[in-house]
Amino acid sequence: MKFQSLQDLKKVQKQIAAAQAQAAAEEAARAAAIRKAEADKNLFSRAIGKVAPLPAHNKAHLPIQPRQPIATQLKKDEAQVIQDSLSDEFDVSTLLDTDDALSFRRPTVGPEVTRKLRKGDWAIQREIDLHGLRSDEARLALTTFIRDAHKHGIRCVRVVHGKGLGSPGKTPVLKSKVHSWLVQKNQVMAFVQAKPAEGGAGALVVLLTPS
């Protein structure tokens with residue numbers, strides 16, 4: 001741009017200065033407006049203080065109840081007891097060896113097993129005494145005892161059923177039933193009458209299958 005005179009140059013300079021001044025004034029006005037808005041916001045916050053959401057009145061606050069544990073193992077044990085139910089009507093006489101002690105062994109078990117049981121070659125690891133129990137109580141107790149002993153790897157146990165001296169007619173009521181119940185248990189390999197020092201005719205020494 002060519003200037004015709006010094007006056008023209010001065011005139012342009014004034015226009016530039018005026019434009020810069022206007023821009024500066026506008027920027028200052030914007031900054032002032034921002035500061036005022038921020039001050040108004042802070043003033044409102046300070047005036048009302050801390051706030052919290054109002055509680056919802058259309059909701060019920062119920063306490064959280066922990067879930068009760070399910071006795072899974074107990075149910076399994078109860079189901080196993082039902083499965084292991086023993087019959088009093090089972091005829092065991094044909095399965096017992098025809099000796100004085102009426103011993104028993106599975107068809108797959110050799111006679112040397114019962115001979116060793118009589119001699120005491122197997123150490124008795126546990127025993128159960130069924131004295132004084134009613135028939136149904138004795139059946140359940142024996143079922144549970146055999147199952148638990150087998151589960152824990154016990155191989156040789158003694159079952160005391162008594163000689164029936166306190167029963168009417170001095171008849172050993174439990175003796176024949178215990179024979180029948182044991183034969184019905186798959187965990188039982190063989191059994192023999194106990195030696196006199198271990199109960200004699202009032203007890204049996206029972207060999208269980210490996211667990």
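Every value quoted in this text rests on a predicted model; they were computed, and no experiment measured them. (Residues numbered from 1 in each chain as written. Predicted model: local features only at pLDDT ≥ 70, side-chain atom pairs only at ≥ 80, totals over all residues. Heavy atoms only, no water.)

(A) Fine view of the pattern of salt bridges. The tally for this structure, following the rule as stated, stands at four salt bridges. Between Asp136 and Arg134 there is a salt bridge, with the nearest N and O atoms lying 3.7 Å from each other. Take Asp136: its relative accessible area is 41%, and that puts it in the partly exposed class. Residue Arg134 is classed as exposed on the basis of its relative accessible area of 51%. (Salt bridge = Lys/Arg side-chain N within 4 Å of Asp/Glu carboxyl O. Buried < 20%, exposed > 50% of the residue type's maximum accessible area, 1.4 Å probe, protein only.)

(B) View of the environment of Ile128. Residue placement: Ile128 occurs in strand β2 (residues 126–129). What makes Ile128 buried here is its relative accessible area of 13%. Taking the C-alpha atoms as reference points, Ile128 and Ile146, separated by 18 residues in sequence, lie 9.4 Å from one another. Once you skip the residues sitting within four places of it in the chain, Ile128 turns out to touch Ala141, Leu142, Phe145, Arg158, Val159 and Val160. (Helix = DSSP H or I, 4+ residues; strand = E, 2+ residues; numbered from the N terminus. Contact = heavy atoms within 4.5 Å.)

(C) Expanded view of helix α3 (residues 111–119). Of the residues making up α3, those classed as buried are Val113, Thr114 and Leu117. One face of α3 carries all of its buried residues, which in axial projection span an arc of 95°. Where α3 is buried, its residues touch β1 (104–105), β3 (156–160), β4 (188–193) and β5 (203–208). Looking one or two residues past α3, Gly120 carries a phi angle of roughly 85°, positive in sign. (Arc of directions from axis to C-beta.)

(D) Highlighting the nonpolar core. One finds Leu142, Ile146, Val157, Val178, Leu182, Phe191 and Val206 to be the most contacted residues of the largest nonpolar core, which totals 21 residues. Beyond its immediate chain neighbours, meaning those up to four positions away, Leu142 contacts Ile128, Val159, Val178, Trp181 and Leu182. By size, the runner-up hydrophobic cluster in this structure holds twelve residues, among which are Val113, Leu117, Ala190 and Ala194. (Core = buried A, V, L, I, M, F, W, Y, C linked by side-chain atoms within 4.5 Å.)

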